[in-house]
Amino acid sequence: MSLSEREVLKIKNFYMKYPNSKDWILHALNLSIACGERLALVGPSGCGKSSVAKAILQLLPSGSRCEGELSVGGVQPQALNQVDLRRLRGEKVGLVFQDPMSRLNPLMKIGDHLIDTLLAHSPKKNLAHAIEEAERLLVKVGINIDRFRSYPHQLSGGMRQRLSIAMALALKPKLLIADEPTTSLDVAIADQIMAELTKLCEDNSTALMLITHDLALAGRWCSRIAILYQGNIA
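Given the structure is predicted, the values throughout are model-derived calculations rather than measurements.

1. Quick word on unusual backbone geometry
Inference 1: One non-glycine residue, Gln 58, lies in the positive phi region at around 55 degrees.
Inference 2: Mapping Gln 58 onto the fold places it in the loop between helix H2 (49-57) and strand S4 (65-72).
Inference 3: Positive phi is not limited to glycine here, since Glu 180 has a value of about 50 degrees.
Inference 4: With respect to the helices, strands and loops of the structure, Glu 180 is situated in the loop between strand S6 (175-179) and helix H7 (187-204).
Inference 5: Judged by its relative accessible area of 9%, Glu 180 is buried.

2. Examining empty space enclosed by the protein
Inference 1: Within this structure, the stated rule accounts for one cavity of 30 Å³ or more.
Inference 2: By volume, the largest cavity is sized at about 60 Å³.
Inference 3: What lines the largest cavity is simply Arg 136, Leu 137, Lys 140, Val 141, Ala 166, Leu 169, Lys 172, Leu 200 and Asn 204.
Inference 4: Listing elements by their share of the lining of the largest cavity, those giving two or more residues are helix H5 (127-140), helix H6 (157-169) and H7.
Inference 5: Of all the elements, H5 adds the most residues to the lining of the largest cavity, at three residues.
Inference 6: A per-class count over the lining of the largest cavity returns five nonpolar, one polar and three charged.

3. Examining a nonpolar patch on the surface
Inference 1: On the surface, Leu 215, Ile 225 and Ile 227 cluster together into a nonpolar patch covering about 240 Å² of accessible area.
Inference 2: Among the secondary structure elements, Ile 225 is positioned in strand S8 (residues 224-229).

4. Observations regarding the pairing of strand S3 (residues 38-42)
Inference 1: Most of S3 sits inside the fold, with five of its five residues counted as buried.
Inference 2: Burial of S3 is two-sided: the residues Arg 38, Ala 40 and Val 42 facing one way and the residues Leu 39 and Leu 41 facing the other way are all buried.
Inference 3: As paired elements, S3 and strand S7 (residues 207-212) share five bridges and run parallel to each other. Within the sheet, the bridge partner assigned to Leu 39 lies in S7 and is Met 209.

5. Side note on the sheet that holds S6
Inference 1: One open sheet holds the six strands; their spatial order is S5-S6-S7-S3-S8-S9, and the pairing between them is mixed. The strands lining the two open edges of the sheet, one partner per strand, are strand S5 (93-96) and strand S9 (232-233).
Inference 2: Sheet topology note: the S6/S7 ladder contains five bridges and is parallel. The partner of Ile 177 across the bridge, within S7, is Met 209.

6. Looking at the packing of aromatic side chains
Inference 1: Counting across every chain of the model gives one aromatic pair.
Inference 2: Judged by centre distance (5.4 Å) and plane angle (65 degrees), the ring pair of Tyr 15 and Trp 24 falls under edge-to-face.
Inference 3: Judged by relative accessible area, which is 25%, Trp 24 ranks as partly exposed.
Inference 4: Taking NZ or CZ as reference, Lys 17 lies 4.6 Å from the ring centre of Trp 24, over its face.

7. A look at the pattern of salt bridges
Inference 1: Scanning the model with the defined rule gives nine salt bridges in all.
Inference 2: Among the salt bridges present, the one from Glu 67 reaches Arg 65, with a minimum N-O distance of 2.4 Å.
Inference 3: Under the relative-accessibility criterion, Arg 65 is labelled partly exposed at 42%.
Inference 4: Here Arg 220 makes a salt bridge to Asp 191, at a shortest N to O gap of 2.7 Å. Placement of Arg 220 in helix H8 (residues 215-221) and of Asp 191 in helix H7 is noted, with a sequence separation of 29 residues between them.
Inference 5: Here Asp 191 falls in the partly exposed class, since its relative accessible area comes to 29%.

8. Observations regarding the confidence of the model for the protein chain
Inference 1: Mean pLDDT over the protein chain stands at 92; residues scoring 70 or higher make up 98%.
Inference 2: Confidence scores differ between elements of the protein chain, with helix H1 (residues 3-6) showing the lowest mean pLDDT of 56 and S3 the highest of 97.

9. A few points about the layout of surface pockets
Using a probe with the size of a water molecule, rolled over the atoms, empty space left in the structure can be pinpointed.
Inference 1: The space that makes up the largest pocket amounts to roughly 470 Å³.
Inference 2: Along the wall of the largest pocket there are 20 residues; nearest its centre are Arg 89, Gly 90, Arg 103, Thr 117 and His 121.
Inference 3: Those elements that provide at least two residues to the lining of the largest pocket are helix H3 (82-91), S5, helix H4 (110-121) and H6.
Inference 4: Across the lining of the largest pocket, the residue classes break down as 10 nonpolar, five polar and five charged.
Inference 5: Looking at the second largest pocket, its volume works out to about 240 Å³.

Calculation criteria
Along each chain, residues carry numbers from 1 onward, in the same order as the chain's sequence is written. Local features are withheld for residues below a pLDDT of 70 in this predicted model, meaning they are given only at 70 or higher, and side-chain atom pairs are given and counted only at 80 or more; totals for whole chains, interfaces and linings count all residues. Working from all heavy atoms in the structure, the side-chain values ignore hydrogens and water. Labels follow the DSSP assignment, with helices taken as runs of H or I lasting at least four residues and strands as runs of E lasting at least two, numbered in each case from the N terminus. Accessible area is worked out with a 1.4 Å probe on protein chains only. A residue is then buried under 20% of its type maximum, exposed over 50%, and partly exposed in between. Points on a 1 Å grid, built from protein atoms alone, make a cavity when a 1.4 Å probe fits but cannot get out and make a pocket when they are open with protein on both sides within 12 Å along at least 5 of 7 lines; residues with an atom within 4 Å of a point are the lining residues. Grid points are joined across faces, edges and corners, and a volume is the space filled by probe spheres set on the points. Put simply, Ala, Val, Leu, Ile, Met, Phe, Trp, Tyr, Cys and Pro go in the nonpolar bin, Asp, Glu, Lys and Arg in the charged bin, and everything else, Gly too, in the polar bin. What goes into a patch is any residue over 30% in relative accessible area without a salt bridge, connected to like charges within 9 Å or, for nonpolar side chains (Val, Leu, Ile, Met, Phe, Trp, Tyr), within 5 Å. Using a 1.4 Å probe, the Shrake-Rupley method yields the accessible areas, and only the shown protein chains count as cover for residues. The salt bridge definition used is simple: a Lys or Arg side-chain nitrogen within 4 Å of an Asp or Glu carboxyl oxygen. A pair of strands is considered paired only if DSSP assigns at least 2 bridges between the two. When two rings of Phe, Tyr or Trp (its six-membered ring) have centres within 6.5 Å they constitute a pair, described as stacked for plane angles under 30 degrees, edge-to-face for angles over 60, and tilted for the intermediate range. As a reminder, the over-ring test applies to NZ of lysine and CZ of arginine, requiring each to be within 6 Å of the ring centre and within 35 degrees of the ring normal. What pLDDT reports is the predictor's confidence in each residue, on a scale of 0 through 100.

This is the structure we're talking about:
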């Protein structure tokens, strides 16, 4: 298998700026991740780490400008329509947020979050099968199925992050982006979350991009580190 066939993410000479910004937030950025690889994107606050994730998923404000090559599994997100973008988000790329409550609906039970994710991408899927799959995902991330009908506010911070990981990996994407996934957790829980996250990525042959400012965390859980500084790899 050639290098290009093994690359799940390829960014080459890529530029990005937000609306009304005079300067490029990302400029001449080159970055690649191979299938199953764990890469940490490390840098100080404001260096553009989260902007890389937003560019990959095209979660950019209207009027943002992108130039250069960016592809996920051979697909260029910036060239997709909204329907295909929604499929890419989940099927090709999963995202674990820093604050899981920003992604969770407080009025939905945690089991329904997973069922909704599964059925949104496979509307012909049998509901009973979706429930079974949702229960399996919860157990896989260390949440007892007794919590299936709990609401997000009834879970601890660590359990909410586990649910976020289950949702991100539900469709077995080739790339998982974890944006500061342990910032709000204490050290012991953070270590458990990272152990489970990396194990699940290994089981699914999913590549991981860990966005963090913590070099120790990056060094422990990732095989490669890229240092981002002022929008470029230092």
